[in-house]
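Tertiary structure, described
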Amino acid sequence: MSFKIENLTKTYQSRRGEVHAIGPVDFEVQKGEFISIVGPSGCGKSTSLYIMAGLEGATDGTILLDGNEVTEPGRDRGMVFQNYTLYPWMTVLENAQFGTTLKKNKNFELPGRANMSLKGRAEYLLDAVGMVDFFDAYPRELSGGMKQRVAIARALVTRPELLLMDEPFGALDAQTREEMQEMLRLLSQHDKTTTIFVTHDVEEAIYLSGRILVYSARPGRIIADITVPYGEDRPLDIKHEKTFLNLKKEIHELLCQQEGEKVDRTKRLRELLAQGC
Ligand SMILES: Nc1ncnc2c1ncn2[C@@H]1O[C@H](COP(=O)(O)OP(=O)(O)OP(=O)(O)O)[C@@H](O)[C@H]1O
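The rules behind each value
- Going along each chain's sequence as written, the residues are numbered from 1 onward.
- Local features in this predicted model are restricted to residues whose pLDDT is 70 or higher, and side-chain atom pairs enter the listing and the counts only when it is 80 or higher, whereas totals over whole chains, interfaces and linings include all residues.
- Hydrogens are left out, water is left out, and the side-chain values use all remaining heavy atoms of the structure.
- A helix here means a DSSP run of H or I that spans at least four residues, while a strand means a run of E at least two residues long, and both kinds are numbered starting from the N terminus.
- Radius of gyration means the value over C-alpha atoms here, while the globule rule gives 2.2 Å times the residue count to the 0.38 power.
- Throughout this description, buried means an accessible area under 20% of the type-specific maximum (1.4 Å probe, protein chains only), exposed means over 50%, and partly exposed covers the range between.
- Every residue pair with non-hydrogen atoms within 4.5 Å of one another is taken to be in contact.
- When charges are counted, neither His nor the chain ends are considered; positive counts come from Lys and Arg and negative counts from Asp and Glu.
- Charge placement uses NZ in Lys and CZ in Arg. For Asp and Glu, CG and CD serve respectively.
- To be near a molecule or strand, a residue needs just one of its heavy atoms within 4 Å of it.
- Any pair of N or O atoms that falls within 3.5 Å is considered a polar contact. Within protein, one atom must be able to donate a hydrogen and the other to accept it, and sequence-neighbouring residues count only if both atoms are side-chain atoms.
- Only the protein chains shown count as covering a residue, and every accessible area follows the Shrake-Rupley method with a 1.4 Å probe.
- Classification convention: Asp, Glu, Lys, Arg as charged; Ala, Val, Leu, Ile, Met, Phe, Trp, Tyr, Cys, Pro as nonpolar; all other residues, Gly among them, as polar.
- Here, a salt bridge means any Lys or Arg side-chain nitrogen found within 4 Å of an Asp or Glu carboxyl oxygen.
- Two strands form a pair only when DSSP identifies at least two bridges running between them.
- Angles run from 0 to 180 degrees between N-to-C directions of axes, and those axes are lines fitted to C-alpha atoms, restricted for helices to the stretch in contact.
- In predicted models, pLDDT denotes the confidence assigned by the predictor to each residue on a 0 to 100 scale.

1. Quick word on the overall build of the protein
Scanning the protein for helices and strands turns up eight helices and 10 strands. What you see for the protein is a C-alpha radius of gyration of 20 Å, in line with the 19 Å of a compact globule of 277 residues. The principal-axis extent of the C-alpha atoms belonging to the protein is close to 65 × 40 × 40 Å. A buried classification covers 47% of the 277 residues belonging to the protein. Pairs at least 24 apart in sequence give 71% of the contacts found in the protein among residues at least 6 apart. When the 35 positive and 40 negative side-chain charges of the protein are each reduced to one mean point, those points stand 4 Å apart.

Structure representation (structure tokens):
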């Protein structure tokens, strides 16, 4: 697997004029890497991921997956979004099996273990994410955390070359979030899934990743490419270690430098409040 992004740029045409959302952005991902993208709000993290998924077009630049240009969604890429995107009319097991483009191609052969059916792989993954007792449940019967477990199983069912995750744990409470982080880390380490993970949460990024790309304020560009100094063995309590906390501080400082505009917005709010309006 090779994944390469060259000169990626996106400009939106909106009613208020041109919005230069990202770029140019260049980076390369090695097989099995877990990379997080962090950056100030609105800097183009989601846009980058959507373009990598083929859900949006770039204004300029190329994205190459195994030498082929990405121009549309494909089953070589799994995607998990923040907002639960399960089909409400399908059961958990049906969602996990058919949630991807597979539905259109029943002849698709599962890479890897040839003797494992798609259903078998979906059952295995649902078991792995703690949903073994809910195969027949419908999404409306599940909590947010449970829905995201199913979404992760669904994204992994085809053994995608690349897993793209956009704030997948953003809507979960702190405890469920930690549980999901550990689950994702174990799963992706086991399967050596190449992952690009967008998050606002620096702690989450450090805990999960081998590498962290820090984006500037919009237009998003890479201002730092940081290697996380931890191997595969990562109990949750490494979050309290000095090395971890120092790295968190370093990244927070980089982000604060990018968030000057936000400080000004607070200043205006203070002025308005002082006027008593
Ligand atoms: N369809 C669109 N039309 C016009 N502008 C857009 C569109 N989609 C996104 N943008 C703009 O592009 C910029 C990047 O948006 P994007 O959602 O990628 O940022 P983000 O870093 O993911 O933000 P957040 O962290 O708040 O989720 C923003 O300024 C946003 O307003």
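2. Concerning helix α1 (residues 45–53)
Where burial is concerned, most of α1 is hidden: seven out of the nine residues are buried. Among all positions of α1, only Lys45, Thr47, Ser48, Leu49, Ile51, Met52 and Ala53 are buried. One or two steps after α1, the chain reaches Gly54, where phi turns positive at roughly 85°.

3. Details of the site of the ligand
Contacts to the ligand come from Tyr12, Ala21, Pro40, Ser41, Gly42, Cys43, Gly44, Lys45, Ser46, Thr47, His200 and Arg218. Note that an oxygen atom of the ligand is positioned 3.0 Å from one of the backbone N or O atoms of Gly44. Burial of the ligand by the surrounding chains reaches 63%, relative to a free accessible area of 640 Å². The element contributing the most residues to the shell around the ligand is α1, with three residues. Its residues assigned to classes, the shell around the ligand shows four nonpolar, six polar and two charged.

4. A closer look at the pattern of salt bridges
Inspection of the entire model under this criterion finds 15 salt bridges. The partner of Asp225 in a salt bridge is Arg211, and the shortest N-O contact between them spans 2.9 Å. Note that Asp225 is positioned in strand β10 (residues 222–227) and Arg211 in strand β9 (residues 211–215), a separation of 14 residues in sequence. On the accessibility criterion, Asp225 (42% relative accessible area) is partly exposed. With a shortest N-O distance of 3.5 Å, Lys249 and Glu253 are connected by a salt bridge. One end of the pair, Lys249, and the other, Glu253, are both in helix α7 (residues 242–258), four residues apart, so they sit about a helical turn from each other.

5. Observations concerning the sheet that holds β10
Strand order in the open sheet made by the six strands is β6-β7-β8-β3-β9-β10, with mixed pairing throughout. In this open sheet, the two strands that pair with only one neighbour each are β6 (77–80) and β10. Averaged over all pairs of adjacent strands, the angle between strand axes in this sheet comes to 15°, irrespective of strand direction. As defined by bridge partners, β9 adjoins β10 across five bridges and the pair is classed as antiparallel. Note that in β10 the partner of Ile212 across the bridge is Ile226. Its contacts with the sheet place α7 against β3 (34–38), β9 and β10, and it is angled at close to 175° to β10.

6. So, the sheet that holds strand β1 (residues 3–14)
Judged by pairing direction, the sheet is antiparallel, and its four strands sit side by side in the order β2-β1-β4-β5 without closing on themselves. With one partner strand each, in any of the chains shown, β2 (17–29) and β5 (68–69) form the two edges of the open sheet. Two elements, β1 and strand β4 (residues 60–65), share five bridges in a ladder whose sense is antiparallel. Counted as the bridge partner of Thr9 is Asp60 from β4.

7. Topic: the confidence of the model for the protein
Per-chain confidence: the protein averages 88 in pLDDT, with 91% of residues scoring 70 or above. The least confident element of the protein, judged by mean pLDDT, is helix α8 (residues 260–274) at 75; the most confident is β9 at 97. Overall, residues 101–108 carries pLDDT values under 50, and its contacts beyond four positions in sequence, including any with other chains, amount to 12 contacts. Taken over the whole predicted complex, pTM reads 0.88, whereas the ipTM for its chain interfaces reads 0.96.

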